[in-house]
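Breakdown of the fold
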Amino acid sequence: MSGARRLDMLSDRWRDRVGEAVTFLAERGFTGRVGLVLGSGLGNFVDAVEDAEAIDYGDIPGYATTTVAEHTGRLVKGTAAGVPVVVMQGRLHPYEGLPAAELLLPTAVLACLGVDCALVTNAAGGLNRYYVPGDLMVIRDQIDLHWHDPLRGLLARPFAATAETTDAQAAELAAIGRIGGVPDLFDPDLARKLVAAAAETGVPMHSGTYASMYGPAYEAKAEIGMLRRIHCDAVGMSTAPETVLLKRLGVKPVGLSCITNPARETGQPELSHQDVVEVGKMVRERMARLLLAFLPKV
Ligand code: HPA
């Protein structure tokens, strides 16, 4: 699906704002086949991008800048393993308290720049007792514990099929489960390719369900117990709203969690944001190896 068609799918009030940023970036050559969103402490992958050119989020029309000191906010374009990529180095988080139109604007822009698929990465706490800090997990599915559709008011109608629905619109409605069966949110084929890349490069890889909480507080013990009982394997504070938007705009999402800590229970030390960032740095070499093997398969 073209970037222009995606722009068309946005509500009137959002389309102009997203469109302004897209025009600004497209004029500067910001297009690519694969979008990458780099989570907390994982931004160093941009060092592996060749012919890189970057623009600070603050210099892009309509972008709100992140308030979290450790998250660099830049959009980078270039090639990685020979594949044209557009990289979001740093993201906004729901816990920053921004409305969805601000929070998701950079993701909408990424989609409207015309990427086919997007690898969305995050730092996460391990709920699964087999996970240790430094492990990676391909996200098989997610539970969005924000419990509301982040796209309310951001998309143009239609949300239901009518007698006037075209075949193209019907395909879009089917892709988001409004008609037909329940579609996969994360692309199964790309997930398998990520697992294959991990096997080739000797990077340990789990596959599991990601739970997205608001934060910024880390989970209470009872919440960790609840998340385990509903079979979540990792918990973080991002990714879910972005993934819903990407899928809705016809971009294939693939998700990767970097387990930075075991979710806290009895006797675990307090966890600071700095701890999370440090383990993220520890796994950057693994992640770079994995992504450079994955990208040519996409
Ligand atoms: N909980 C929520 N978000 C996180 C965690 C965690 O334990 N670790 C890194 N991001």
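Report follows, based on the coordinates. Keep in mind that what you see is a predicted model, and the values were worked out from it rather than measured.

**What about unusual backbone geometry?**
Following Gly215, the chain continues into Pro216 via a peptide bond in cis, with omega recorded as 5 degrees. As for its placement among the helices and strands, Pro216 is situated in the loop between strand 7 (205–212) and helix 7 (221–229). Here His231, not a glycine, exhibits a phi torsion of approximately 65 degrees, which is positive. As for its placement among the helices and strands, His231 is situated in the loop between helix 7 and strand 8 (234–236). Residue His231 is classed as exposed on the basis of its relative accessible area of 64%.

**Structural notes on helix 2 (residues 12–27)**
Two residues of an α-helix separated by three or four positions point the same way, owing to the 3.6 residues in each turn. Taking 1.5 Å of rise per residue, 16 residues should cover 22 Å, and helix 2 covers 22 Å from first to last C-alpha, within 8% of that figure. Packing partners of the buried residues in helix 2 comprise helix 1 (3–8), strand 2 (50–56), strand 3 (74–80), helix 3 (100–103), helix 4 (105–112) and helix 8 (240–248). After helix 2 finishes, the residue Gly29 shows a positive phi value of roughly 80 degrees.

**Structural notes on the packing of aromatic side chains**
For the structure shown, the criterion picks out one aromatic pair. Between Tyr57 and Tyr63 the ring centres are 5.4 Å apart and the planes differ by 40 degrees, which places this aromatic pair in the tilted class. Across the pair, Tyr63 and Tyr57 agree in class, each one buried. For the cation-ring pair, Arg28 lies above Phe24, with the distance from its terminal atom to the ring centre recorded as 3.7 Å.

**Some details on the site of the ligand**
By nearness alone, eleven residues border the ligand, and Ala123, Gly125, Glu219, Gly236 and Asn261 come closest of all. Measuring from a nitrogen atom of the ligand, one finds a backbone N or O atom of Ala123 at 3.3 Å. In the complex, the protein chains occlude 95% of the 260 Å² of accessible area that the ligand would expose alone. Mapped onto the shell around the ligand, the elements with two or more residues apiece are strand 5 (117–126), strand 8 and strand 9 (252–262). A total of three residues in the shell around the ligand trace back to one element, the largest contributor, which is strand 5. Within the shell around the ligand, the residues separate by chemical class into six nonpolar, four polar and one charged.

Here is what the cut-offs are and how they apply
Residues numbered from 1 in each chain as written. Predicted model: local features only at pLDDT ≥ 70, side-chain atom pairs only at ≥ 80, totals over all residues. Heavy atoms only, no water. Helix = DSSP H or I, 4+ residues; strand = E, 2+ residues; numbered from the N terminus. Buried < 20%, exposed > 50% of the residue type's maximum accessible area, 1.4 Å probe, protein only. Expected span 1.5 Å × (residues − 1). Contact = heavy atoms within 4.5 Å. Phe/Tyr/Trp six-rings, centres within 6.5 Å; stacked < 30°, edge-to-face > 60°. Lys NZ or Arg CZ within 6 Å of the ring centre and 35° of its normal. Near = heavy atom within 4 Å. Polar contact = N/O pair within 3.5 Å; in protein donor to acceptor, adjacent residues only side chain to side chain. Areas by Shrake-Rupley, 256 points an atom, 1.4 Å probe, with all protein chains shown as cover. Nonpolar A, V, L, I, M, F, W, Y, C, P; charged D, E, K, R; others polar.

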